Amino acid sequence: MKRVIVGLSGGVDSSVTAYLLKEQGYEVIGLFMKNWHDDSVTISDECPWLDDSNDALLVAEKLGIPFQTVDLSEQYKERIVDYMFHEYEKGRTPNPDVLCNREIKFDVFMKIAMSLGADYVATGHYCRKDTIVVDDIPVHRLLAGKDPNKDQSYFLCQLSQEQLSKTLFPIGELLKSEVREIAKNQDLITADKKDSQGLCFIGKVRLPEFLQQKLQPKEGNIVEIASDDQVFVKSESNTISDKTQLEILAEKFSYHPDQGKIVGKHQGAHYYTKGQRKGLAVGGTPEPLFVIETDVTTNTIYTGQGKNHPGLYRFALIVTNDEVHWVRKDLTLQEGETMQVMARIRYRQPLEKATLYQTSSGLYVVFENAQSAISEGQFVAWYRDDELIGSGVIS
C-alpha cells in the first residue's frame, strides 16, 4: 500500500484531500506545518495556527488517520520572511505564496515526508498533474485546476519535475462547491470554514505592520506625474524586429523627484507597491491616484491619476536567465528561439496572449496587450492550453 503524507492545514481543501486519498486506498498520514509563532505581529488575539491545528487534528481523528505537527518556523523565517523583508527593502514586490510552495511545502516538508517513508506528498491545491512520455522519459505536466475560479497552478509555478513526481493533487478535478459538499457529507468540521486569508501560514497579518517591525518608517514625497508627460512618448507598438526593441519595451519608465508635483507625504517607499491605490491618503484629485513607481533610493513614490494612466502599463518584461524556471525542461528555449504562450503576472489574472523571446541577456515576455502594474519580484507564469510550462521572477 502506498503511503501519502497530506499537508493538513485545518482548511476544507486539505481535509477533503485526505478523505479522497483514504477512499482511493492509500495509507494516509496527516501532518500539520507550524510555520510561525511570533504572536507580536498577528492582528488581535486570534491565534490562527492554534485553531487551524486543532481543526486539522479533529479532521484526522474523524478520518481515523495518524496525525502529527511539525515545526518549520525556523526554515520559514529564514527562507520566506527574511527574503520578503530583503525584497521589500530593495523596492520589489515578492510573492510569499509561490515561495512557500517551492521552499517549504515541496522542499522542507517533502523531505520530512520522505523521511517518514512516504511515497507521495498531497496538498489541497486546485491543480492537476498527469504524466506523458517524451523520448522514453516520463514527463510530469502541471495542469490548471478544473474550477476556473480557484485554479492555483500559478502558486506552483516554481515546482520541478522531481517535486511533481512525488506529488498528488486529489481535488484538482473538483469544483470548490463539490469539495464543500463532500466535507458536509462526511461531517468534517471544516466543511463551512472560510478560506484563509493573509500570508501563507502566518495568519491574519497586516503587511505594512508586519514590515514595519523591520523596516523603519522614513518620510518622503508623493509625486504626481501627469499622463501627458514626455517620458511616456515611448514606442507604442509591440512589434519586435530586433533586441533593442525588446529592451525598450521591457524597460521601466524612469522618473526623477522634480519631474511632477508634490501632492503629499508618505512614511517609506518600501511600504508601497506598483498599482496600489489605497493607503496614499491624498485627496482632491479628479481621479484617484495610483502608485506608478516607487524609488527606495530617493524614497519617492510616483503616482498618476486613474487606472488607465500610461505609467501603469507596459507591453513587455524580462526575466534574467538565472531566474528562468522551466517546469517542462524538454520545452526550454535556446538563445534566439521564440514561443507563443498564454501568460499571467499575478494570481487570478486571466491568461493573456504573449510571446517568449530567449536572448543572451534573459527571457523577454512580450504581451499582445499592455499589462498593468508589472512589478519586479513578482512571478510571471506561462502556459500552453491548460498546462503551466514555466515561470520566472520579473526583473
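Structural data are supplied above this passage.
First, a word on scope: everything that follows refers to the structure included in this document. (Residues numbered from 1 in each chain as written. Predicted model: local features only at pLDDT ≥ 70, side-chain atom pairs only at ≥ 80, totals over all residues. Heavy atoms only, no water.)

1. Considerations on the packing of aromatic side chains
One pass over the structure, following the stated rule, counts 8 aromatic pairs. Look at Tyr26 and Tyr120: their rings are 6.5 Å apart centre to centre, the planes differ by 85°, and that puts the pair in the edge-to-face class. Remark: Tyr120 occurs in strand S4 (residues 120-122) and Tyr26 occurs in the loop between helix H1 (12-23) and strand S2 (27-34); sequence separation between them is 94 residues. For Tyr26, a relative accessible area of 22% translates into the label partly exposed. The exposure class assigned to Tyr120 is partly exposed, which follows from its relative accessible area of 21%. Every member of this aromatic cluster is reached through a ring pair, and the members are Phe232, Phe253, Tyr255 and Tyr302. (Phe/Tyr/Trp six-rings, centres within 6.5 Å; stacked < 30°, edge-to-face > 60°. Helix = DSSP H or I, 4+ residues; strand = E, 2+ residues; numbered from the N terminus. Buried < 20%, exposed > 50% of the residue type's maximum accessible area, 1.4 Å probe, protein only.)

2. A look at the sheet that holds strand S11 (residues 300-305)
With mixed pairing, 4 strands are arranged side by side in an open sheet as S9-S8-S11-S10. Of all the strands in the sheet, the pair left with one neighbour each is strand S9 (261-266) and strand S10 (289-295). Ignoring strand direction, the axes of neighbouring strands in this sheet form an average angle of 30°. Pairing of strand S8 (residues 220-224) with S11, which is carried by 3 bridges, proceeds in the parallel orientation. (Pairing = 2+ DSSP bridges. Axes fitted to C-alpha atoms, helices over the stretch in contact; angles between N-to-C directions.)

3. Looking at the pairing of strand S6 (residues 137-144)
Here strand S5 (residues 127-134) runs beside S6; their pairing, made up of 8 bridges, is antiparallel. Bridge pairing in S6 places Asp130 opposite Arg141. Where S5 hands over to S6, the hairpin turn is made up of 2 residues, of which Asp135 adopts a positive phi near 50°. Two elements, S6 and strand S18 (residues 387-393), share 2 bridges in a ladder whose sense is antiparallel. Looking across to S18, one finds that Leu142 is bridged to Leu388.

4. Looking at the sheet that holds strand S7 (residues 167-168)
With respect to topology, 5 strands assemble into an open sheet ordered S3-S2-S1-S4-S7, the strand pairing being parallel. Both edges of this open sheet fall to strand S3 (67-71) and S7, since each of them pairs with a single strand only. Its contacts with the sheet put H1 on strand S1 (3-7), S2, S4 and S7, and the angle it makes with S1 is roughly 170°. (Contact = heavy atoms within 4.5 Å.)

5. A look at unusual backbone geometry
The phi angle at Asn299 is positive, at roughly 55°, despite the residue not being glycine. Residue position: Asn299 is located in the loop between S10 and S11. Among the residues examined, Asn299 registers a relative accessible area of 7% and is labelled buried. For Ala373, which is not glycine, the phi dihedral falls at a positive 55°. Within the fold, Ala373 resides in the loop between strand S16 (362-372) and strand S17 (379-384).

6. Focus: the nonpolar core
In terms of nonpolar packing, the biggest core is built from 49 residues, with Ile104, Phe109 and Leu142 touching the most fellow members. Put simply, the parts of the chain that give this core at least two residues each are S2, helix H3 (73-89), helix H4 (96-115), S10, S17 and S18. Ranked by residues supplied to this core, first place goes to H4 with 9 residues. Ignoring anything within four residues of it in the chain, the contact list for Phe109 reads Ile5, Val6, Gly7, Leu31, Met33, Val70, Leu72, Ile104 and Val121. (Core = buried A, V, L, I, M, F, W, Y, C linked by side-chain atoms within 4.5 Å.)

7. Side note on H4
Approximately 30° is the largest bend angle found in H4, and it occurs at Phe109. Among the 20 residues that make up H4, 14 are buried, leaving the element largely enclosed by the rest of the structure. Sitting at the amino-terminal end of H4 is Asn95, which places a side-chain oxygen 3.0 Å from the backbone nitrogen of Asp97. Of the residues flanking the end of H4, it is Gly117, one or two places downstream, whose phi is positive at about 80°. (Bend = angle between axes of the 7 residues up to and from the residue. Polar contact = N/O pair within 3.5 Å; in protein donor to acceptor, adjacent residues only side chain to side chain.)

8. Things to note about the packing of H3 against H4
Interhelical geometry of H3 versus H4 gives an angle of 160° and a closest axis separation of 10 Å. The angle between the axes of H3 and H4 places the two elements in the roughly antiparallel class. Crossing angle aside, the handedness with which H3 passes H4 is right-handed. Along its contact with H3, which presents Gln75, Tyr76, Arg79, Ile80, Tyr83 and Met84, the element H4 presents Pro96, Leu99, Cys100, Glu103, Ile104, Asp107 and Val108. By residue class, the composition of the contact of H3 with H4 is 9 nonpolar, 1 polar and 3 charged. (Parallel < 35°, antiparallel > 145°, perpendicular 65-115°, else oblique. Left-handed = near helix turned anticlockwise from the far one by under 90°. Nonpolar A, V, L, I, M, F, W, Y, C, P; charged D, E, K, R; others polar.)

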